[in-house]
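What the coordinates show
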Amino acid sequence: MIVHVAALALLSTAAGGGGETGEAAGAGVARRFERRVVAVAAAEALDGRRDAIENELRALRLEPQRRPFAGPQREGTNLLAVVPPPAAGAAPERTLMLGAHLDRVEAGTGAVDNAGGCAAVLELLGRFQARPLTHHRVVGLWFDQEEQGLLGSRAFVEAAGDPAAPGAAAGLPDLFVNFDVFAYGDTLWAHHPSEDDRTAARNFVAGTAAAGGEPFPTVIGPLYPPSDHRPFAAVRETAEPGSPAAEMTVLSLSLLPREQIVETVAFLEAMEGGGRPTRAGLPKILALIHTANDTPSAVRPSEAAAAIDAVEAGLRALDAAAGAEAAPATDDETND
Ligand SMILES: [Zn+2]
């Protein structure tokens, strides 16, 4: 993979004549993605992973904020970073939160699961800082203790609902997008927890076309392994109808080869039907994560870079759609 990225850079240097071509920009993104994955995955223990993300945030001139919480076994610490709104113009009222868990299990180095997701959120934060969204302010979240049962995201959602809670954050977002297992592959897996989120998932995929002429290959679906989107979807279920929490949109994104997504969906269907998992019957991706093989060498930075371009375009489409929703009310007022 490193060879592949280097080859891309060479190619574009040979073809280039000044100015950053799309290819050169892509190689730059891939190198940055790889550097961040390695920094997080190589770090000692969980504190080191968090420190690595904080260093990357400071390099982006974004201020990392720690949100400690009391886990059942030990204290955990979520990380949060707000992209400041541009100095000119009114700050957007809506909030887009991009989240990824930063912790890992004992085996391996947690590169695919989930240093890749952490790196994807960092890259997108940098892009929305450079070219802000119109209708959403953007917040990055890196959750602790996902592997212990989504504890960090649960604590975050609980604190967001209670302004007096320690570590109370920025409230709940209008749109939450989770990134888990986002490190290699040609296809996005866009999970929508509820039917209401399906429209957003479709608009997101249609919007990815802006990055390359055709929508990015994506599998949209309601079946997906547990991850940090779940506490957000759960709090929505119990929210007062019409309240901001009840109106929240929730998605989770993975990047994988298409056949591995199809295989995993079939596996999840079998499990829902009462099947018992066996080591031999595990889908490829589930046989890779949480093992000694989950290291940076499993990551394909150039594939992740291409997918991040698509995700950025898809999120910009959702941002534009949020503006379109608000437009009729403005028209009514001005037509009076
Ligand atoms: Zn994970």
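Residues numbered from 1 in each chain as written. Predicted model: local features only at pLDDT ≥ 70, side-chain atom pairs only at ≥ 80, totals over all residues. Heavy atoms only, no water.

The chain goes by Leupeptin-inactivating enzyme 1 in an unreviewed UniProt entry, where it is assigned to Alienimonas californiensis.

We now examine the nonpolar core. In this structure, Leu 98, Val 112, Leu 125, Trp 142 and Phe 179 are the most contacted members of the largest nonpolar core, which totals 69 residues. No other element matches helix H4 (residues 111-130), which puts 11 residues into this core. Once you skip the residues sitting within four places of it in the chain, Leu 98 turns out to touch Val 121, Leu 124, Leu 125, Phe 128, Val 138, Val 139, Gly 140, Leu 141, Val 177, Phe 179 and Leu 315. Listed in part, the 12 residues of the second largest apolar core include Val 157, Ala 160, Phe 176 and Val 250. (Core = buried A, V, L, I, M, F, W, Y, C linked by side-chain atoms within 4.5 Å. Buried < 20%, exposed > 50% of the residue type's maximum accessible area, 1.4 Å probe, protein only. Helix = DSSP H or I, 4+ residues; strand = E, 2+ residues; numbered from the N terminus. Contact = heavy atoms within 4.5 Å.)

For the chain, per-residue confidence averages 86 on the pLDDT scale, and 87% of positions sit at 70 or higher. Confidence over residues 1-19 falls short of pLDDT 50; this stretch has 20 contacts with residues more than four positions distant or in other chains. Across residues 329-336, where pLDDT falls below 50, the model places zero contacts with residues more than four positions away in sequence or in other chains. (pLDDT = per-residue confidence, 0-100.)

Time to look at the pattern of salt bridges. Counted according to the given criterion, the structure contains 16 salt bridges. Arg 50 is paired through a salt bridge with Asp 47; the nearest N and O atoms lie 3.6 Å apart. With Arg 50 and Asp 47 both in helix H3 (residues 45-59), this residue pair falls three residues apart, about one helical turn. A network of salt bridges, in which partner residues are shared, links Arg 32, Arg 35, Arg 36, Glu 56, Glu 123, Arg 127, Asp 309, Glu 312 and Arg 316. (Salt bridge = Lys/Arg side-chain N within 4 Å of Asp/Glu carboxyl O.)

So, on to the sheet that holds strand E7 (residues 218-221). Pairing within the open sheet is mixed, and its eight strands lie in the order E1-E2-E4-E3-E5-E8-E6-E7. This sheet does not close on itself; its edge strands, each paired only once, are strand E1 (65-70) and E7. Each strand axis lies, on average, 20° off the axis of its neighbour in the sheet, ignoring direction. Sheet strands touched by H3: E1, strand E2 (75-82) and strand E4 (136-143). Its angle to E2, the strand with the most contacts, is close to 15°. Of the strands in this sheet, strand E6 (187-191), E7 and strand E8 (249-256) are in contact with helix H6 (residues 195-207), which crosses E8 at around 50°. (Pairing = 2+ DSSP bridges. Axes fitted to C-alpha atoms, helices over the stretch in contact; angles between N-to-C directions.)

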